[in-house]
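For reference, the chains in residue letters:
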Amino acid sequence: MLLTALGLLPFVALAYLGVQAAVETRRAFANLNASLDTLTEAVRLEGLVRQGIADEMGAAREYLARRNEPAWQRFTRLTWTTYENEARYLGLPLTSEERLAVERMRTQHRLLEGVLQEAMTRADGRAVPGLEAQLEAAEAASTRALEDVSRMLQERMAQMAGTADAAAVHLGRLVTTLAGLFVVSLLLLVVLLLRAAEMQRRLVEAERLAAVAQVGVTLRHEINNPLAVVVGAADILREVRDDPQAVGEWAEAVALAAARIRDVLRRLEELRSVETVDYTPGVPMVDLEAKPSGPPPAPKAPPS
Amino acid sequence: MAWVGPSAVSRALTLLALALLVLPACRRPSQELLIGLAVHPSGVNGATLAVEELRARGIRVRLRTASREDADSIGAGAVALAESFVRSGVVAVVGHSSSAASLSAANLVNRAHVPLLIPNSTSPLLSGIGPWVFRLCGTDTLQGRVLASHAWRAGFRRAGILYVLDDYGKGLATAFARSFEQQGGHVALAVGYSWMSDRPDGDLGPALLRLRSGGLDVVLLAARTRDLLSLPGAAEFRKEGWPALLGGDVAYVPLDAGGVSAPFEGMVVTSLLPERSLAAERFATRYRVRFGSEPENPSYACYDAVGLIGQAIASGAAGPDDLQRFLRRLGRELPAYEGVTGKLSFDERGDAREATFSLVRVANGKLVAVTP
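Residues numbered from 1 in each chain as written. Chains lettered and ligands numbered in written order. Predicted model: local features only at pLDDT ≥ 70, side-chain atom pairs only at ≥ 80, totals over all residues. Heavy atoms only, no water.

> How do you make sense of the overall build of chain A when you look at a structure like this?
Per the secondary structure count, chain A includes five helices and two strands. Ordered by position from N to C terminus, the α and β elements of chain A give α-α-α-α-α-β-β. Out of the 304 residues belonging to chain A, those deemed buried represent 30%. Within chain A, contacts between residues separated by at least 24 positions form 69% of all contacts whose residues are at least 6 apart in sequence. If you sum the accessible surface of chain A, you get close to 18700 Å²; carbon and sulfur atoms cover 64% of it. (Helix = DSSP H or I, 4+ residues; strand = E, 2+ residues; numbered from the N terminus. Buried < 20%, exposed > 50% of the residue type's maximum accessible area, 1.4 Å probe, protein only. Contact = heavy atoms within 4.5 Å. Areas by Shrake-Rupley, 256 points an atom, 1.4 Å probe, with all protein chains shown as cover.)

In structure tokens form, the structure reads like this:
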């Protein structure tokens with residue numbers, strides 16, 4: 001029982017390790033998944049902001065070219081929508097560097113909007129001096145800031161791919177280790193079970209030998225005495241063969257001794273449970289005087 | 001030896017338990033705690049008054065203030081200021097002057113694990129920006145809705161917006177426009193302008209001309225008085241024919257206006273203070289006695305921010321970690337803080353749970369409650 005429990009112990013440990021590994025793996029993949037969601041959303045918002053800035057410039061240039069109010073309205077709405085997308089972008093769980101890059105992008109975008117808005121506001125009156133140069137500079141700075149953000153996103157994507165690869169390798173190793181541990185545990189269990197069976201067999205053998213020894217002691221004790229009578233009587237009978245009375249007495253003694261031996265053998269045959277008494281201190285023998293506790297023996301069929 | 005009965009033992013145990021409960025509440029750090037203050041001058045007096053009152057109660061705190069230029073700086077400047085506060089071992093930072101500056105400083109305080117208590121930066125971008133950032137006021141989204149509802153109720157249907165091209169201006173303009181148009185109004189014209197540092201040669205005149213003569217019912221100024229009045233072309237404000245003016249919480253600050261209130265007379269602006277607050281009135285009285293002038297919006301919020309820190313210290317907070325735990329527990333295990341700007345506790349995104357905006361009107365250069 002104890003050996004079986006010991007044999008199961010590695011499996012319990014294995015199960016614990018397996019559950020722990022599964023929880024850790026699940027957590028790692030959840031983190032990876034969350035990062036992937038963030039990245040996907042960041043890429044989407046970066047695209048929207050990029051498009052928004054391009055559309056803002058388009059609307060502003062259209063207004064500057066034709067002075068049509070809908071273009072101004074469109075410009076305003078676009079700046080607000082882009083602002084909201086930038087705000088959503090900043091709301092993502094970004095790294096400090098990414099956040100700073102997005103902040104730089106927003107600053108450059110704000111500067112570009114400022115130039116565009118001032119040009120549009122002044123367009124009814126005097127022209128903005130050096131407008132094209134200012135626009136070009138602001139646009140270039142805004143584009144550079146956007147490229148910074150894009151580069152960071154690409155770096156993060158590469159990092160994520162690396163993390164995913166590392167996680168897969170880690171998981172593979174984990175599965176291999178667990179499989180190895182399982183095989184080792186199985187082998188250990190088989191060895192323990194074989195050893196348990198061997199010990200059981202030895203125990204039965206030892207018990208059987210002990211019983212034989214007890215029977216031997218009993219036979220020696222119970223049969224030796226009448227046998228001594230028989231052997232002694234045989235010697236005496238040779239000497240007193242001419243004395244019929246003595247022969248009769250010693251023959252009677254031999255018969256009594258033989259009957260006693262027969263009685264011992266019968267009681268041995270009728271034994272259903274073994275009770276022992278000490279023959280000498282530490283040497284047990286079967287107690288033939290004990291009352292039989294088992295069922296009576298089945299009647300033997302008469303010899304045919 | 002006299003036998004001590006079970007009732008005496010239980011009394012002694014009760015007293016011991018009470019003592020153990022009371023002692024932490026009485027525990028105060030032996031050393032003086034520093035609070036970094038990066039706010040507009042209109043808020044400094046409120047913070048100063050709060051510190052004086054705390055010290056009178058035996059709570060040893062001291063302000064480490066920033067210059068106006070530093071408090072106003074955004075980007076790297078705001079980060080550098082927050083960094084200098086952190087290096088000097090402040091228990092918390094109260095600030096900054098604008099949403100953009102608060103946004104810049106937020107990342108640093110989150111990394112340094114120092115609570116940032118924002119008195120009056122209203123950008124929605126600050127919501128949930130980190131576990132160490134706590135905002136005492138409402139957001140531009142709420143402010144925009146309050147202003148749009150007021151404009152609609154006042155019968156205005158065609159609105160114009162003058163907004164500064166930063167987080168504050170864009171956030172408030174967007175929130176107002178969305179809410180106003182949802183109610184049936186129309187934003188006919190919106191003009192953004194760059195901040196002075198971006199466009200030092202900028203001219204506000206043409207933008208103001210378009211707004212003044214655009215046939216609008218109302219114009220929302222999602223901007224700050226000090227920017228507007230300092231820009232070339234601001235004289236346009238003094239001309240006749242302006243539609244009704246609305247503004248956000250910093251659209252008109254008497255201190256910034258420097259007594260130049262005429263262009264903004266009658267303008268309705270939002271206020272961070274609840275309407276008819278007894279606590280606010282009491283604070284105003286103490287402020288007048290102490291400084292001889294009327295308190296401005298930021299002073300109320302700064303007073304509350306410093307008072308909140310003092311309350312945490314009185315409850316046993318001895319450092320930034322304790323303070324953050326205290327702020328997070330407000331309104332949950334601890335009752336909300338009763339400030340002059342209302343009850344203060346924070347949601348999981350660090351925003352004030354019960355933040356609200358009331359409406360006030362510029363009258364003779366002062367801000368008075370709008371009577372319905």
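> Is there a simple way to explain the packing of aromatic side chains in this structure?
Aromatic ring pairs are reported here in terms of the distance separating the ring centres and the angle at which the planes meet. Under the defined criterion, the tally for this structure stands at 10 aromatic pairs over all chains. Relative to Trp72(A), the ring of Tyr63(A) lies with its centre 5.2 Å away and its plane at 80°, an arrangement referred to as edge-to-face. Taking the centre distance of 5.2 Å and the plane angle of 55° together, the rings of Phe237(B) and Phe264(B) count as tilted. With Phe237(B) in the loop between α9 (225-230) and β9 (244-247) and Phe264(B) in the loop between α10 (254-257) and β10 (268-271), the pair connects residues that are 27 residues apart, well separated along the chain. (Phe/Tyr/Trp six-rings, centres within 6.5 Å; stacked < 30°, edge-to-face > 60°.)

> Would you explain the interface of chain B and chain A in this entry?
A common way to express how large an interface is: the accessible area buried when the components associate. Taken together, the contact between chain B and chain A spans 36 residues of the former and 29 residues of the latter. Across the chain B to chain A interface the summed buried area is about 2700 Å²; carbon plus sulfur atoms make up 45%. Along the contact surface separating chain B from chain A lie five salt bridges. Ionic pairing is found between Glu69(A) and Arg210(B), a salt bridge with its closest N-O pair at 3.1 Å. Linking chain B with chain A are 16 residue pairs in polar contact (both at pLDDT 80 or more). (Buried area = accessible area lost by both parts, 1.4 Å probe. Salt bridge = Lys/Arg side-chain N within 4 Å of Asp/Glu carboxyl O. Polar contact = N/O pair within 3.5 Å; in protein donor to acceptor, adjacent residues only side chain to side chain.)

> Please clarify how helix α12 (residues 297-314) of chain B should be interpreted in this entry.
With 18 residues, α12(B) should cover 26 Å at 1.5 Å per step; its first-to-last C-alpha distance of 26 Å lies within 8% of that length. In terms of burial, α12(B) is a largely internal element, 17 of the 18 residues being buried. (Expected span 1.5 Å × (residues − 1).)

> Would you mind showing me how to read the sheet that holds strand β5 (residues 133-135) of chain B here?
Remark on secondary structure: sheet strands pair via backbone hydrogen bonds, oriented parallel or antiparallel. Residues and elements named next belong to chain B. Strand order in the open sheet made by the five strands is β2-β1-β3-β4-β5, with parallel pairing throughout. The sheet terminates laterally at β2 (61-65) and β5, the two strands that pair on one side only. Pairs of neighbouring strands in the sheet enclose a mean axial angle of 25°, with direction left out of account. One ladder, built from four bridges, connects strand β1 (residues 33-38) with strand β3 (residues 92-95); its direction is parallel. If you follow Leu37 over to β3, its bridge partner there is Val94. Sitting on the sheet, α12 touches β1, β2, β3 and β4 (116-118), and the angle it makes with β3 is about 160°. (Pairing = 2+ DSSP bridges. Axes fitted to C-alpha atoms, helices over the stretch in contact; angles between N-to-C directions.)

> I keep staring at the environment of Arg361(B) and nothing clicks. Help me out?
Residue and element names in this part refer to chain B. Topologically, Arg361 is positioned in strand β13 (residues 358-363). Dropping the residues within four chain positions of it, Arg361 is found in contact with Gly266, Met267, Val268, Lys366, Leu367, Val368 and Val370. In terms of polar contacts, Arg361 uses its side chain to reach the backbone carbonyl oxygen of Gly266, at 3.4 Å.

> Honestly, the pattern of salt bridges in this entry has me stumped. Any pointers?
Two side chains of opposite charge can pair, provided their charged atoms sit close to one another. Following the criterion strictly, the structure yields 33 salt bridges over all chains and no others. We note a salt bridge from Asp166(B) to Arg224(B), for which the minimum N-O separation is 3.4 Å. With Asp166(B) in the loop between β6 (158-164) and α7 (167-182) and Arg224(B) in the loop between β8 (218-222) and α9, the pair connects residues that are 58 residues apart, well separated along the chain. We note that Asp166(B), like Arg224(B), is buried. Among the charged side chains, a network of salt bridges with common partners joins Glu86(A), Glu103(A), Arg106(A) and Asp167(B).

> I'm lost on the confidence of the model for chain B in this one. Help?
Low-pLDDT portions of the prediction should not be read for the details of their coordinates. Residue and element names in this part refer to chain B. A residue-level look at chain B finds 88% of positions with pLDDT of 70 or above and a mean pLDDT of 86. Helix α1 (residues 6-26) is the least confidently modelled element of chain B, averaging 52 in pLDDT, while β4 averages 97, the highest of any element. Confidence over residues 1-5 falls short of pLDDT 50; this stretch has one contact with residues more than four positions distant or in other chains. With pLDDT under 50 throughout, residues 19-27 is counted as low confidence; its partners more than four residues away or in other chains account for seven contacts. At the level of chain-chain contacts, confidence expressed as ipTM amounts to 0.72, with global pTM at 0.68. (pLDDT = per-residue confidence, 0-100.)

> Is there a simple way to explain the sheet that holds β13(B) in this structure?
Residues and elements named next belong to chain B. Across the sheet, which stays open at both edges, the seven strands sit in the order β7-β6-β8-β9-β10-β13-β14 with mixed pairing between neighbours. Of all strands in the sheet, those bounded by a partner on one side alone are β7 (186-193) and β14 (366-369). Between one strand and the next, the sheet's axes are offset by a mean angle of 30°, whatever the strand orientation. Two elements, β6 and β7, share seven bridges in a ladder whose sense is parallel.

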